[in-house]
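# Topology and contacts: notes
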Amino acid sequence: KQEVTQIPAALSVPEGENLVLNCSFTDSAIYNLQWFRQDPGKGLTSLLLIQSSQREQTSGRLNASLDKSSGRSTLYIAASQPGDSATYLCAVSGHKFYFGSGTKLNVKP
Amino acid sequence: NAGVTQTPKFQVLKTGQSMTLQCAQDMNHEYMSWYRQDPGMGLRLIHYSVGAGITDQGEVPNGYNVSRSTTEDFPLRLELAAPSQTSVYFCASSPGQGAAEQYFGPGTRLTVT
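Throughout what follows, the structure given in this document is the object of discussion. (Residues numbered from 1 in each chain as written. Chains lettered and ligands numbered in written order. Predicted model: local features only at pLDDT ≥ 70, side-chain atom pairs only at ≥ 80, totals over all residues. Heavy atoms only, no water.)

Before going further, it helps to spend a moment on the pattern of salt bridges. For side chains bearing opposite charge, pairing can occur when the charged atoms are close. With the rule as written, the count across this model stands at seven salt bridges over all chains. Where B:Arg36 meets B:Asp38, a salt bridge forms, and the shortest distance between an N and an O atom there is 2.9 Å. Accessibility classification places B:Arg36 together with B:Asp38 in one group, the buried group. Between B:Arg77 and B:Glu79 there is a salt bridge, with the nearest N and O atoms lying 3.2 Å from each other. Residue B:Glu79 is classed as partly exposed on the basis of its relative accessible area, which comes to 35%. The structure contains a network of salt bridges with shared partners spanning A:Lys1, A:Glu3 and B:Glu59. (Salt bridge = Lys/Arg side-chain N within 4 Å of Asp/Glu carboxyl O. Buried < 20%, exposed > 50% of the residue type's maximum accessible area, 1.4 Å probe, protein only.)

Written as C-alpha cells, this is what we have:
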C-alpha cells in the first residue's frame, strides 16, 4: 500500500524567505504527483502536476521536482508572501490517488 | 464551466440517520472519487468510479455506498450515520485514472451527533 509522508507538518517563516516543502512516497510505480494548496475551510486548488516521466514543473514562484526512483518530491516557494499561508498537500497517482497529511505554512509579515 | 459542485455545504445528522451527499461535474470526466478529510490524516479515498456504471472501493469504504448512473453525477450515501463519520467530504473528478490532474469540489462538512 502506498504511503505518502510530508515533512514538516508545520512551518513558520518570515516574509521574503525561500522555502522547501517535502513529500516522500513508498511505491515508485506512480503515474504522476500533484501539489495542492488548501486554505482554511476551503477545497483543494491544484498548483502543479508532474508526470512520472518529468523531473520538474514551474509556475510563477513555485517549482516542484520529482525523483521517482528515490520516492521524493519537493515544492520550492521563492520569495514567500503572507498570501502563501495555507496547507500544502501532495498526492501521488497510481491505481488510486494517495495523499500526504500536508504541511501547514505560515508566512509572517 | 461550474467544475465540480457539491451539496450541501454543511449538514448535521443524528446517529442512525441516512443521507446522500451530492456531487456533480460538467467537464465530461470519466473518473470521479470521494474522499474524507480528518484533522492530521490528510485525505483518504472512500470510493471511486472509472465511468458510468463502474464503482470500486477505496481505502475507507465501510459505511458508505456509491452509484454512478451518469457521467456527471456521483452521489455518496450514508445509510446509518455514526459519529465516526463526522468529517469533511470532498468529491473530485479527473479526465482519467492515473496520469490526469484531479479537480476538487468545495467540500461538505458533516457532523454526526
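The next point concerns the environment of A:Leu19. All names here are of chain A. Mapping leucine 19 onto the fold places it in strand S3 (residues 19–25). Overall, leucine 19 belongs to the buried group, its relative accessible area being 4%. Through-space distance from the C-alpha of leucine 19 to that of leucine 75 is 8.3 Å; in sequence the pair is 56 residues apart. Ignoring sequence-local partners within four residues, the contact set of leucine 19 consists of Leu11, Val13, Leu75, Tyr76, Ile77, Ser80 and Leu105. (Helix = DSSP H or I, 4+ residues; strand = E, 2+ residues; numbered from the N terminus. Contact = heavy atoms within 4.5 Å.)

Ranked by internal contacts, the top residues of the largest apolar core, which has 23 residues, are A:Leu33, A:Trp35 and A:Leu75. Residue assignment for this core shows that the elements contributing at least two residues are S3, strand S4 (32–38), strand S5 (44–51), strand S7 (62–67), strand S8 (72–77), strand S9 (86–93) and strand S11 (103–108) of chain A. Discounting residues that sit within four places of it in the chain, A:Leu75 has contacts with A:Leu19, A:Val20, A:Leu21, A:Trp35, A:Leu47, A:Leu48, A:Leu62, A:Asn63, A:Ala64 and A:Tyr88. Core analysis: the second largest hydrophobic core is formed by 18 residues, B:Met32, B:Trp34, B:Tyr89 and B:Val112 among them. (Core = buried A, V, L, I, M, F, W, Y, C linked by side-chain atoms within 4.5 Å.)

Bringing the sheet that holds S7(A) into the picture now. Strand pairing in a sheet takes place through backbone hydrogen bonds and is either antiparallel or parallel in direction. Residues and elements named next belong to chain A. One open sheet holds the five strands; their spatial order is S1-S3-S8-S7-S6, and the pairing between them is antiparallel. Edge positions in the open sheet fall to strand S1 (4–7) and strand S6 (56–59), since each of these has one partner strand only. Strand-to-strand, the axes of this sheet are offset by a mean angle of 15°, without reference to chain direction. Pairing analysis gives six bridges linking S7 to S8, with the strands arranged antiparallel. Counted as the bridge partner of alanine 64 is leucine 75 from S8. (Pairing = 2+ DSSP bridges. Axes fitted to C-alpha atoms, helices over the stretch in contact; angles between N-to-C directions.)

In the segment running from A:Ile7 into A:Pro8, the intervening peptide bond is cis, with an omega of 0°. Within the secondary structure, A:Pro8 sits in the loop between S1 and strand S2 (10–14). Here the bond from B:Thr7 into B:Pro8 is cis, since omega is -5°, no more than 30 degrees from zero. As for its position among the elements, B:Pro8 is in the loop between strand S1 (4–7) and strand S2 (10–13). Phi at A:Ala79 is positive, roughly 45°, even though this residue is not glycine. By secondary structure assignment, the location of A:Ala79 is in the loop between S8 and S9. A positive phi is found at B:Asn28, a non-glycine position, where the angle reads about 60°. Summarising the element assignment, B:Asn28 is placed in the loop between strand S3 (19–25) and strand S4 (31–37). Residue classification places B:Asn28 among the exposed positions, given a relative accessible area of 58%.

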